[in-house]
Amino acid sequence: MKNMFDSLRQIVLDVNDAAGLEQALNIVVHRTREVLSVDAVSVYFRDDKTDQLVLMASDGLNKQAIGNIRFDRGQGLVGLVLERAEPLNIDDAHRHPNYRFVTETGEACFHGFLGVPIIQHRQALGVLVVRQNEKSQFSAEVETFLVTLAAQLAGAISYAEKMGELNRLIEGAEGHSFNLQGLGGSPGVAIGEALVVFPPASLEAVPHNAIADDEIDGQVAAFLAAVNTVESEYKELSKRMAGAISNEELALFDVFALMLKSDTLIDVTIERIRAGQWAQGALRETIAEHVRQFDAMDDAYLRERAIDIKDLGRRILMHLQAQQTSSQEISGPVVLVGEEVTVSQLAEVPLQYLVAIISSKGSSLSHVAILSHALGIPSVMGLDSLPVNRIKGQQIVVDGYSGRIYVKPTAAVLAEFHRLIREEQALNTELKELIDQPSETLDGIHIPLLVNTGLLSDISPSLQSGAEGVGLYRTEIPFLMRDGFPGEDDQAQIYRQVLQGFAPRTVTFRTLDIGGDKALPYFPVVEDNPFLGWRGIRIMLDHPEIFLTQIRAILKVNIYQNNLRLMLPMISDVSEVDEAIGLIKKAHKELLDEGIDIPYPIIGLMIEVPSAVYQMEAFAMRVDFFSVGSNDLTQYLLAVDRNNKQVAELYNCLHPSVLLSVQHIVEVAKKHGKPVSVCGEMAGDPASALLLVGMGVDSLSMSVGSLLRVKLAIRSFTSAQIEHLCNDVLQMESAAEIRRKVNGALEFAGLGGLVRAGK
Ligand code: PEP
Ligand code: MG
């Protein structure tokens with residue numbers, strides 16, 4: 001048996017290496033027939049449109065039958081396997097009531113039959129079948145072999161299906177529409193033509209080329225000239241972006257400029273040239289060395305830096321090769337598409353035409369996601385199966401809410417998204433009228449709506465949409481955009497702009513919350529379980545010098561309006577609160593001793609770890625307010641990684657356990673007279689926001705784009721109606737039931753347009 005399973009491993013490896021689905025299937029049928037010594041091996045796929053099984057590949061059956069034999073669900077033995085979604089192993093198929101003899105296959109009347117379903121994400125995609133002409137029962141080992149193979153095949157099929165390849169094979173037609181699921185980078189919906197940005201030059205393709213001594217100086221000069229050109233290009237790009245993005249985002253270009261000037265890039269490359277390598281080859285080796293170092297890191301953020309370095313290398317190479325980027329004609333809405341859309345590529349498209357961004361690499365944390373958010377356009381990231389070559393010039397619908405894109409959308413999809421965009425525009429016009437209206441229920445109960453931000457460029461949109469303050473200022477964003485921990489004055493300068501920009505409204509600064517999915521390029525933390533590891537307050541308490549610098553920077557700018565609140569993230573234990581407060585007191589005293597007369601801050605905690613929910617009593621004695629971080633609280637309560645596509649369907653802030661936790665938090669806080677806010681995504685979804693209001697949450701903090709939607713929902717109900725809805729929902733057992741109930745209430749109140757944004 002060992003041999004059989006050795007072969008299985010090899011088949012799986014070969015299938016993964018196959019150039020396409022067709023080749024993969026042929027490998028499966030030929031090799032399986034060989035290894036199992038059976039009379040026929042066949043693969044059937046389910047055609048979505050007809051719900052029929054279609055014979056896709058076979059070794060042992062008539063080749064003409066491929067693509068032509070079809071079984072309805074439940075029809076024949078193959079259809080039965082699909083219907084039952086279980087293996088079927090029978091020694092004499094002939095005598096089975098479902099047996100159906102098909103002449104087109106050219107098969108003899110077979111007896112031994114083993115069929116196993118090919119299942120991915122609970123859905124039966126097809127059936128893998130082996131047959132024996134003679135009467136014989138397949139052994140348990142053969143069954144195990146086939147079940148394992150089918151499970152591996154499922155991944156390959158669903159990948160191919162995503163690429164539209166399955167449809168093409170089934171229908172024999174090229175160029176079908178298809179859609180792909182990625183990660184929402186920034187919200188919104190847009191339709192435009194794909195502009196694929198390829199790296200202008202391929203470093204990997206540069207050959208090794210030895211040069212003569214008398215060529216060295218010329219090569220060094222060419223290299224330095226290319227570096228200088230790239231440097232001035234970055235300056236130019238930075239100027240073009242200046243109107244659109246804030247200073248700290250622009251600082252990214254300074255990072256590029258710094259990288260360009262670094263000794264490790266220039267000197268090392270020149271050294272290689274002097275050792276007899278031509279400039280292009282020397283550059284390739286230097287960049288590859290840097291990239292290897294970053295790529296080897298487990299940390300997602302650091303891998304992003306490898307992309308920047310590659311981008312830098314390509315740009316230098318492009319000039320070394322004296323190639324120019326052919327500027328493509330742009331005259332309508334453009335969706336920028338790339339494998340690794342970098343900030344400099346983003347700046348290649350005139351901003352008035354740029355409607356969305358798609359990047360096959362990266363996550364919602366990438367710089368480009370942050371920038372697209374700042375530009376107010378939707379983006380979808382992490383589309384690892386993006387067939388970049390087939391997308392060029394195609395029409396694409398980008399849904400930044402769900403992280404899905406539709407390539408060559410069908411007329412129906414297009415019509416639906418045009419309708420959604422129109423509705424969204426109409427809703428936005430309607431919502432604008434609410435800017436100056438109070439956020440209160442029909443019976444006049446006021447629920448302050450605040451914004452979550454971390455970008456200076458959010459200040460004016462926030463004020464323009466009537467935000468009553470900042471409920472969560474994510475201080476890590478300025479840290480992410482730097483090359484090292486910013487100093488006290490550097491930080492203070494940013495914090496001052498935020499405090500003054502929003503004054504007299506309050507601003508809640510969250511102390512640095514790095515770790516987990518938020519890593520700093522210059523502070524690598526490598527862990528097996530980052531979300532359960534060194535995160536937020538844990539890092540700050542272990543590095544009081546970084547914490548104190550930040551606290552001093554925040555406290556010292558609170559000199560004019562006293563509109564500052566301080567908030568501690570990732571609290572899971574009382575001792576962390578005591579220690580952090582000890583450090584805040586120390587920083588405050590130092591500043592007073594230095595003659596800076598600032599008030600002692602209002603201090604609050606984020607409740608985002610389950611242990612904190614159950615220590616509310618102890619916390620309420622120590623701090624002034626609470627804010628529920630529902631993103632992390634949901635992730636930790638449900639044990640679902642908030643960034644993992646595989647389990648995304650399980651991540652749901654309407655899960656009864658999340659709601660019951662919030663209810664408990666509010667109850668204890670109220671008992672102690674301490675206000676509670678919610679600053680996770682839950683506060684920005686009109687449906688869950690209503691429930692939070694019903695539970696007695698005092699204020700809601702959300703991204704600026706959600707503010708008026710939530711205000712509309714609050715203004716459409718009386719507090720009694722909201723409480724009633726909330727009481728009903730708290731009796732329910734599932735998130736789906738809760739979602740239905742609240743969406744129903746929104747629709748009944750004529751707010752169907754709000755349902756979509758919350759999905
Ligand atoms: C949260 O966890 O809900 C939260 C607001 O913090 P972040 O999303 O920054 O982790
Ligand atoms: Mg959090």
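Note that the structure is a prediction, hence the values are computed from the model and not measured.

Definitions and cut-offs
Residues numbered from 1 in each chain as written. Chains lettered and ligands numbered in written order. Predicted model: local features only at pLDDT ≥ 70, side-chain atom pairs only at ≥ 80, totals over all residues. Heavy atoms only, no water. Near = heavy atom within 4 Å. Polar contact = N/O pair within 3.5 Å; in protein donor to acceptor, adjacent residues only side chain to side chain. Areas by Shrake-Rupley, 256 points an atom, 1.4 Å probe, with all protein chains shown as cover. Helix = DSSP H or I, 4+ residues; strand = E, 2+ residues; numbered from the N terminus. Buried < 20%, exposed > 50% of the residue type's maximum accessible area, 1.4 Å probe, protein only. Pairing = 2+ DSSP bridges. Expected span 1.5 Å × (residues − 1). Donors = N, O, S within 2.8 Å, 3.2 Å for Na, K, Ca; no water. Axes fitted to C-alpha atoms, helices over the stretch in contact; angles between N-to-C directions. Contact = heavy atoms within 4.5 Å. Phe/Tyr/Trp six-rings, centres within 6.5 Å; stacked < 30°, edge-to-face > 60°. Lys NZ or Arg CZ within 6 Å of the ring centre and 35° of its normal. Salt bridge = Lys/Arg side-chain N within 4 Å of Asp/Glu carboxyl O.

S.K.: Talk me through the site of ligand 1; I want residue IDs and the actual numbers.
M.R.: The full set close to ligand 1 counts 15 residues, and Arg 474, Arg 510, Lys 518, Asn 631 and Arg 642 are the nearest of them. Between ligand 1 and the protein, one listed contact pairs an oxygen atom with a side-chain N or O atom of Glu 608 at 3.0 Å. At 3.1 Å from an oxygen atom of ligand 1 is found a main-chain nitrogen or oxygen belonging to Ser 630. Across the complex, the protein chains shield 99% of the 290 Å² of accessible surface that ligand 1 would expose by itself. Those elements giving two or more residues to the shell around ligand 1 turn out to be strand 16 (469-474) and helix 22 (630-638). Looking at the shell around ligand 1 element by element, the count peaks at three residues for helix 22.

S.K.: Can you tell me about the pairing of strand 5 (residues 112-120), naming the residues and giving the values?
M.R.: Sheet faces and side chains relate simply in a regular strand, where the side chains alternate between the two faces. With respect to burial, strand 5 is a largely interior element, seven of its nine residues being buried. For strand 4 (residues 88-90) and strand 5, the ladder comprises three bridges, and the chain directions are antiparallel. Within the sheet, the bridge partner assigned to Asn 89 lies in strand 5 and is Leu 114. Sheet topology note: the strand 5/strand 6 (residues 123-132) ladder contains nine bridges and is antiparallel. The residue bridging Leu 114 from the neighbouring strand is Val 130, located in strand 6.

S.K.: Before we move on, could you go through helix 2 (residues 21-36) and cite the residues and values that matter?
M.R.: End to end, helix 2 covers 22 Å across 16 residues, agreeing with the expected 22 Å (1.5 Å per residue, within 8%). When helix 2 is considered as a whole, its buried residues turn out to be Leu 21, Ala 24, Leu 25, Ile 27, Val 28, Val 29, Thr 32 and Leu 36. Trailing helix 2 by a residue or two, Ser 37 shows a phi angle of about 50°, which is positive.

S.K.: Before we move on, can you summarise the coordination of the magnesium ion (ligand 2) with the specific residues and values?
M.R.: Within the first shell, the magnesium ion (ligand 2) binds the protein through Glu 608 (OE) and Asp 632 (OD), at distances of 2.0 to 2.2 Å. Of this pair, Glu 608 sits in the loop between strand 19 (602-607) and helix 20 (610-613) while Asp 632 sits in helix 22, placing them 24 residues apart in sequence. Assessed through its relative accessible area of 2%, Glu 608 is described here as buried.

S.K.: Would you mind going over the sheet that holds strand 22 (residues 699-702) in detail, with residue names and values included?
M.R.: Ordered by their spatial adjacency, eight strands build a closed barrel running 15-16-17-18-19-20-21-22, and the pairing between neighbours is parallel. Within the sheet, the average angular offset between the axes of one strand and its neighbour, ignoring direction, is 25°. Two strands pair when backbone bridges link them, and strand 21 (residues 676-678) and strand 22 are joined in this way by two bridges, in the parallel orientation. Paired with Val 678 across the two strands is Leu 700, which belongs to strand 22. Here helix 25 (residues 707-715) sits on the sheet in contact with strand 15 (449-453) and strand 22, set at roughly 155° to strand 15.

S.K.: Account for helix 18 (residues 544-556), naming residues and giving values.
M.R.: In a regular helix each residue adds 1.5 Å, so 13 residues correspond to 18 Å; helix 18 covers 18 Å between its end C-alpha atoms and thus fits that length. The element helix 18 is extensively covered by neighbouring structure, given that 10 of its 13 residues are classed as buried. Taken as a whole, helix 18 has its buried residues at Ile 546, Phe 547, Leu 548, Gln 550, Ile 551, Arg 552, Ala 553, Ile 554, Leu 555 and Lys 556. For helix 18, the elements touching its buried residues are helix 15 (476-480), helix 16 (488-502), strand 17 (506-510), helix 17 (536-542), strand 18 (564-568) and helix 19 (574-593).

S.K.: Can you tell me about the sheet that holds strand 6, naming the residues and giving the values?
M.R.: Spatially, 3-2-1-6-5-4 is the arrangement adopted by the six strands of the open sheet, whose pairing is antiparallel. Since the sheet does not close on itself, it has two edges, and those belong to strand 3 (70-72) and strand 4, each with one partner. The mean inter-strand angle of the sheet, taken between neighbouring strand axes irrespective of direction, is 25°. Pairing of strand 1 (residues 40-47) with strand 6, which is carried by six bridges, proceeds in the antiparallel orientation. Bridge assignment links Phe 45 to a residue of strand 6, and that residue is Gly 126.

S.K.: For the packing of aromatic side chains, give the residues involved together with the corresponding values.
M.R.: Aromatic rings considered in pairs are described by the distance between their centres and by the relative angle of their planes. Under the definition given, this model contains 10 aromatic pairs. Arranged with centres 5.3 Å apart and planes meeting at 65°, the rings of Tyr 99 and Phe 110 form a pair that is edge-to-face. Here Tyr 99, found in the loop between strand 4 and strand 5, pairs with Phe 110, found in the loop between strand 4 and strand 5; they are 11 residues apart in sequence, far enough to count as distant. Considered together, Tyr 99 and Phe 110 belong to a single accessibility category, that of buried residues. A cation over an aromatic ring shows up here: Arg 131 above the ring of Phe 110, its NZ or CZ 4.1 Å from the ring centre. Residue placement shows Arg 565 over the ring face of Phe 625; its charged tip is 3.8 Å from the ring centre.

S.K.: Tell me what's going on with the pattern of salt bridges, and back it up with residues and numbers.
M.R.: When charged atoms on two side chains of opposite charge get close, those side chains can pair. Throughout the structure, instances matching the rule amount to 30 salt bridges. Across the pair Asp 51 and Arg 46 runs a salt bridge whose closest N-O atoms are separated by 2.9 Å. A relative accessible area of 25% places Asp 51 in the partly exposed class. We note a salt bridge from Arg 73 to Asp 51, for which the minimum N-O separation is 2.8 Å.

S.K.: Outline the side chain of Asp 59, supporting the account with residue identities and numerical values.
M.R.: Structurally, the position occupied by Asp 59 is in strand 2 (residues 52-59). Engagement of the side chain of Asp 59 in a polar contact is seen with the side chain of His 30, the distance being 2.7 Å. Sequence-distant contacts of Asp 59, defined by excluding residues within four places in its chain, comprise Val 29, His 30, Arg 33, Asp 39, Ala 40 and Val 41.

S.K.: Account for the environment of Leu 583, naming residues and giving values.
M.R.: Relative to the helices and strands, Leu 583 is located in helix 19. Each C-alpha atom of the pair Leu 583 and Pro 544 lies 7.6 Å from the other, and the pair is 39 residues apart in sequence. Apart from residues lying up to four places away in sequence, Leu 583 is in contact with Leu 541, Pro 544, Phe 547 and Leu 548.

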